[in-house]
Amino acid sequence: MENKSLYSEDLAPVPVANRKWNTWNYAALWISMSLCIPTYMLASSLIGGGMNWWQAILTIFLGNTIVLIPMILNGHAGAKYGIPFPVFARASFGVRGANIPAILRAIVACGWFGIQTWIGGAAIYQMIRVWSSGLPEIDATSLFPQAVPFICFLAFWALNMFIVYLGVESIRKLLVFKAIFLPLAALALLFWAISASNGLGPILQQPSKFATTSQFFDFFFPALTGMVGFWATLSLNIPDFTRYAKSQRAQIKGQAIGLPPSMTLFAFIGVVVTSATVIIYGNTIWDPVVLAGKFESKLLVSVAMIAVAISTLATNIAANIVSPANDFANLAPSKISFRKGGYITGVLGVLIFPWKLIADPTGYIFTWLIAYSSLLGPVGGIMIADYYFIRKQQLSTTDLYKANGLYTFKNGFNYSAIIALLAGIVPNIPGFLTTIKVIAQDSVPAWISHLYNYAWFVGFLISGITYLLMMRNYKPLVSDSITAKEETLHVAID
């Protein structure tokens, strides 16, 4: 019998009859998720960091192709059993321990919520600034921005919280608006950049700023880790989407068609436009909101900024509120409602100081993307090691919802998974502390601090291998497999 604290309609396996997503549904999902301002900034940050156009495009394509692998591997369990991420995590971390990876993921989503909210607030400020020429550009170098931009940020934050109060259904129409507006706006920016730069030729001839191959690789490997880190959250909770798949083939083909190409294509626009700003304005402008604020037409800037704010609001609620709000609510279902979970997300999103994370390309890649990939890489390594090597893709769906079942381990926690998680996180801590300048660069050996440049890969491999070694004597019980009845009820056939 299912435990009430572990089972709800939202967490229950999706019946086979209700699994209707095909290849093109998954391709469309990735195209829509890729079309967002942080994707543009991902590409433009590489140009700002010194890469030329083809180096930036290659780095993004490689990063997204690499992250596609854990995406498909973790997606398998969702498609096979119809279970969401928090339930899948119970197999490796235990029915209670699964809250640990869920909260790690939720904290990262809080950070993204803060970043998107800052982008929306900045768009409002740019619109005000167009009509009030005395206002300065946003200064993100100090601990807090100036008063007016900060008020715009808080106002946009309050609007997000009001939407949480009203309920997520209220943004459905905004998502449709975003799906129409952002592709059109991206194409308009692309054509403007090509026209203002007198063709693609001068843009694509912009040289790399790296004098030597060594300098290039010093930036390339952390940048690649950042690209992988960009979708590291989704590579964990992809079962939340693949649980609706008609077959394994649908989720595998759909993700392969949708993720690397759409990210690379939208990133190409960011690369071209950012390279063009060097020709047009004499310096690299990597933030599209700042760039749009430089256009001469006040009406055009105003319309663009309102549209950016609406699109950001839609993306923020759908991508960065729903998931962490559910994770926080899952901690104590009787005390924390979805709405309260949304408010917790909002508060943490401010406390993370998002304006500092995207103040410059270095902070965006090194302080944000790589930092959180060092937390999520280890989780991915453990879940994949458990599902493919320990359990051979066989789970008992009924036991995933039992307080005293196969996945109880010790008081609901699998301590092997927790130790493996820490083993993957710890090696990256010195590099993180030197990056944010809490400790001096020379206070730890260079090879240890440099591990941070490969944070996701280091954490994934160390945690995965540690978990396999610690669980080598674990023997899944006979019932830790699919019974004929469960297969009929839950398992989608390829």
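Residues numbered from 1 in each chain as written. Predicted model: local features only at pLDDT ≥ 70, side-chain atom pairs only at ≥ 80, totals over all residues. Heavy atoms only, no water.

- Looking up the protein in an unreviewed UniProt entry gives the name Nitrate reductase, with the organism given as Niastella caeni.
- Under Subcellular location (unreviewed entry), UniProt gives the following word-for-word description of the protein: "Membrane".
- In its Sequence similarities (unreviewed entry) section, the UniProt record describing the protein reads: "Belongs to the purine-cytosine permease (2.A.39) family." (UniProt positions renumbered as here; feature names shortened; annotations may be inferred.)

## A few points about the overall build of the protein
Working step 1: From N to C terminus, the protein includes 23 helices and zero strands.
Working step 2: Expected size for 494 residues packed as a compact globule is a radius of gyration near 23 Å; at 23 Å, the protein falls within 12% of this value.
Working step 3: Summarising its shape, the C-alpha atoms of the protein cover approximately 70 × 50 × 40 Å along the three principal directions.
Working step 4: Here the analysis covers contacts within the protein between residues at least 6 apart in sequence; of these, 84% occur between residues at least 24 apart.
Working step 5: Each charge class in the protein can be summarised by its mean position, and for the 30 positive and 19 negative side chains these summaries are 5 Å apart. (Helix = DSSP H or I, 4+ residues; strand = E, 2+ residues; numbered from the N terminus. Rg over C-alpha atoms; globule rule 2.2 N^0.38 Å. Contact = heavy atoms within 4.5 Å. Lys, Arg positive; Asp, Glu negative; His and termini not counted. Charge placed at Lys NZ, Arg CZ, Asp CG, Glu CD.)

## Structural notes on the packing of helix H2 (residues 37–48) against helix H9 (residues 213–230)
Working step 1: Where H2 contacts H9, the axes come no closer than 11 Å and their chain directions differ by 175°. Relative to H9, the element H2 lies roughly antiparallel. Contacts between H2 and H9 involve Pro38, Thr39, Leu42, Ser45 and Leu46 from the former and Phe219, Ala223, Met227 and Phe230 from the latter. (Axes fitted to C-alpha atoms, helices over the stretch in contact; angles between N-to-C directions. Parallel < 35°, antiparallel > 145°, perpendicular 65-115°, else oblique.)

## Thoughts on the packing of aromatic side chains
Working step 1: Here the structure, examined in full by the defined rule, presents 39 aromatic pairs.
Working step 2: Relative to Phe220, the ring of Phe217 has its centre 6.0 Å away and its plane inclined at 85°; by these criteria the two rings are edge-to-face. Taken together, the positions of Phe217 and Phe220, both in helix H9 and three residues apart, correspond to about one turn of that helix.
Working step 3: Here the aromatic rings of Trp456 and Phe460 are separated by 5.0 Å at their centres, their planes lie at 25°, and the arrangement is stacked. Here Trp456 pairs with Phe460, and both are found in helix H22 (residues 455–470), just four residues apart, close to one helical turn.
Working step 4: Owing to a relative accessible area of 5%, Trp456 belongs among the buried residues under this scheme.
Working step 5: By the ring-pair criterion, three or more aromatic residues cluster together here, those being Trp30, Trp112, Phe230, Trp231, Trp286, Tyr364, Trp368 and Tyr372.
Working step 6: Taking the ring centre of Tyr281 as reference, the NZ or CZ of Lys294 above it sits at 5.7 Å. (Phe/Tyr/Trp six-rings, centres within 6.5 Å; stacked < 30°, edge-to-face > 60°. Buried < 20%, exposed > 50% of the residue type's maximum accessible area, 1.4 Å probe, protein only. Lys NZ or Arg CZ within 6 Å of the ring centre and 35° of its normal.)

## Brief notes about the side chain of Asn64
Working step 1: Mapped onto the elements, Asn64 comes out in helix H3 (residues 53–81).
Working step 2: Classification of Asn64 as buried rests on a relative accessible area of 0%.
Working step 3: Setting aside chain neighbours within four positions, we find Asn64 in contact with Trp231, Leu259, Pro260 and Met263.

## Regarding unusual backbone geometry
Working step 1: The residue Lys392 is not glycine, and still its phi comes out positive at about 50°.
Working step 2: Along the chain, Lys392 turns up in the loop between helix H18 (361–390) and helix H19 (415–425).
Working step 3: Residues other than glycine seldom take positive phi values, yet Phe409 does so here, at roughly 50°.
Working step 4: Mapped onto the elements of the fold, Phe409 is located in the loop between H18 and H19.
Working step 5: Accessibility expressed as a relative area gives 26% for Phe409, which makes it partly exposed.

## Concerning the environment of Asn411
Working step 1: Considering the arrangement of structural elements, one finds Asn411 in the loop between H18 and H19.
Working step 2: It is 59 Å that separates the C-alpha atoms of Asn411 and Lys294, two residues lying 117 residues apart in sequence.

## Observations concerning helix H5 (residues 99–131)
Working step 1: Counted at 1.5 Å a residue, the expected span for H5 with its 33 residues is 48 Å, and the 48 Å between its end C-alpha atoms agrees.
Working step 2: For H5, the tally of buried residues reaches 26 of 33 residues, placing the bulk of the element in the interior. (Expected span 1.5 Å × (residues − 1).)

## A short note on a nonpolar patch on the surface
Working step 1: Together, Leu159, Phe162, Tyr165, Leu166 and Tyr343 make up a nonpolar patch on the protein surface, roughly 480 Å² of accessible area in all.
Working step 2: Per element, the largest residue contribution to the nonpolar patch is four residues, and it comes from helix H6 (residues 147–166).
Working step 3: Assignment of secondary structure puts Tyr343 in helix H16 (residues 338–351). (Patch = residues over 30% accessible without salt bridge, like charges linked within 9 Å, V, L, I, M, F, W, Y side chains within 5 Å. Areas by Shrake-Rupley, 256 points an atom, 1.4 Å probe, with all protein chains shown as cover. Salt bridge = Lys/Arg side-chain N within 4 Å of Asp/Glu carboxyl O.)

## Here we look at the pattern of salt bridges
Working step 1: All chains considered together, the criterion is met by four salt bridges.
Working step 2: The residue Glu137 makes a salt bridge to Arg129 at a minimum N-O spacing of 4.0 Å.
Working step 3: Residues Asp386 and Arg391 are paired through a salt bridge, measuring 2.9 Å at the closest nitrogen-oxygen approach. Judged on exposure class, the residue Asp386 and its partner Arg391 are both buried.
Working step 4: When salt bridges that share partners are traced, they join Arg129, Glu137 and Lys294 into one network.

## What about helix H15 (residues 322–331)?
Working step 1: Burial analysis of H15 places seven of its ten residues in the buried class, the great majority of the element.
Working step 2: Where H15 is concerned, the buried positions are Ser323, Pro324, Ala325, Asp327, Phe328, Ala329 and Asn330.
Working step 3: Those residues of H15 that are buried are in contact with helix H4 (85–93), H5, helix H14 (298–320) and H16.

## Considering the confidence of the model for the protein
Working step 1: In the predicted model, the protein carries a mean pLDDT of 87, and the fraction of residues at 70 or more is 94%.
Working step 2: At the level of individual helices and strands, the protein shows its lowest average pLDDT in helix H23 (residues 484–490), which scores 42, and its highest in H19, which scores 98. (pLDDT = per-residue confidence, 0-100.)

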